[in-house]
Amino acid sequence: MFQAFAEQNVEKLNAAGATKIVANCPHCFNTLANEYPDFGGRYEVMHHSSCFSHLVRDGRLSPRAVGENSITYHDS
């Protein structure tokens, strides 16, 4: 089943012109980065926490606490 779905997904992603993918799940990140290339899916894959880090570093995103709450990150 995985092979059939991977082939379909790669076909659709390539048809859409995808070159970069942001994944919010460590399992999806691993699959997209390490297994999809076997099916012709060669993408720049970034975990969303790294994406956020780059955006903050580059000044494109400015996280801020609201009230007394702090910002918390949870990775599934």
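Residues numbered from 1 in each chain as written. Predicted model: local features only at pLDDT ≥ 70, side-chain atom pairs only at ≥ 80, totals over all residues. Heavy atoms only, no water.

1. Structural notes on the overall build of the protein
Convention followed: What counts as a helix is a DSSP run of H or I of at least four residues, what counts as a strand is a run of E of at least two, and both are numbered from the N terminus. Note on exposure labels: buried denotes an accessible area under 20% of the residue type's maximum, exposed denotes more than 50%, and partly exposed covers the range between, all computed with a 1.4 Å probe on protein chains only. We call two residues contacting when some pair of their heavy atoms lies within 4.5 Å.
On a plain count of helices and strands, the protein comes out with three helices and two strands. Listed by position from the N terminus, the elements making up the protein come as α-β-α-β-α. Within the protein, the fraction of its 76 residues that count as buried is 18%. A separation threshold of at least 6 residues defines the contact pool for the protein, and within that pool the share at least 24 residues apart is 60%.

2. Considerations on the layout of surface pockets
Note the threshold: A cavity, in this analysis, means grid points on a 1 Å lattice covering only the protein atoms where a 1.4 Å probe fits yet has no way out; a pocket is instead an open set bounded by protein on both sides within 12 Å along at least five of seven lines, and a residue lines either one if it has an atom within 4 Å of a point. Grid points are joined across faces, edges and corners, and a volume is the space filled by probe spheres set on the points. For this classification, Asp, Glu, Lys and Arg are treated as charged, while Ala, Val, Leu, Ile, Met, Phe, Trp, Tyr, Cys and Pro are nonpolar and the rest, including Gly, are polar.
Reported here for the largest pocket is a volume of approximately 190 Å³. Lys20, Ile21, Val22, Glu44, Met46, Cys51, His54, Leu55, Arg57, Asp58 and Arg60 together form the lining of the largest pocket. Contributing elements (two or more residues each) for the lining of the largest pocket: β1 (20-23), β2 (44-47) and α3 (48-57). Classifying every residue of the lining of the largest pocket by side-chain character gives five nonpolar, one polar and five charged.

3. What about the pattern of salt bridges?
Side-chain pairing between opposite charges can occur once the charged atoms of the two side chains come close. Quick reminder of the rule: The term salt bridge refers to a pairing of a side-chain nitrogen on Lys or Arg with a carboxyl oxygen on Asp or Glu at a separation within 4 Å.
Using the criterion set out here, one finds one salt bridge in the structure. With its nearest N and O atoms 3.1 Å apart, the salt bridge here joins arginine 57 to aspartate 58.

4. A closer look at the environment of glutamate 11
Within the fold, glutamate 11 resides in helix α1 (residues 2-15). Along the backbone, glutamate 11 and phenylalanine 39 are 28 residues apart, and their C-alpha atoms lie at a distance of 9.0 Å.

5. Structural notes on the pairing of β2
Heads up, the condition is: When DSSP locates at least two bridges between a pair of strands, those strands are taken to pair. If you view a crossover with the strands going away from you and the path from the first strand over the helix to the second runs clockwise, you call it right-handed.
What you see with β2 is a clean split: Val45 and His47 sit on the buried side and Glu44 and Met46 on the side with no burial. Bridge analysis of β1 against β2 gives four bridges, and the strand direction is parallel. Looking at the pairing, alanine 23 lines up with histidine 47 of β2. Viewed along the sheet, the connection from β1 through helix α2 (residues 26-35) into β2 turns out right-handed.

6. Some points on the confidence of the model for the protein
Going by this rule: Scored from 0 to 100, pLDDT records how confident the predictor is in each individual residue.
For the protein, mean pLDDT is 91; residues scoring 70 or higher make up 89% of the total. Confidence, expressed as mean pLDDT per element, reaches its minimum in the protein at α3 with 92 and its maximum at α1 with 98.

7. Observations concerning the packing of aromatic side chains
Cut-off, in case you're wondering: Between 30 and 60 degrees the pair is tilted, below 30 it is stacked and above 60 it is edge-to-face, where a pair is any two Phe, Tyr or Trp rings, Trp via its six-membered ring, whose centres lie within 6.5 Å.
Under the definition given, this model contains two aromatic pairs. Arranged with centres 6.5 Å apart and planes meeting at 55°, the rings of phenylalanine 2 and tyrosine 36 form a pair that is tilted. Here the residue phenylalanine 2 occupies a position in helix α1, and tyrosine 36 occupies one in the loop between α2 and β2, the gap between them amounting to 34 residues. Here phenylalanine 2 falls in the partly exposed class, since its relative accessible area comes to 38%. Note on tyrosine 36: relative accessible area 7%, which makes it buried.

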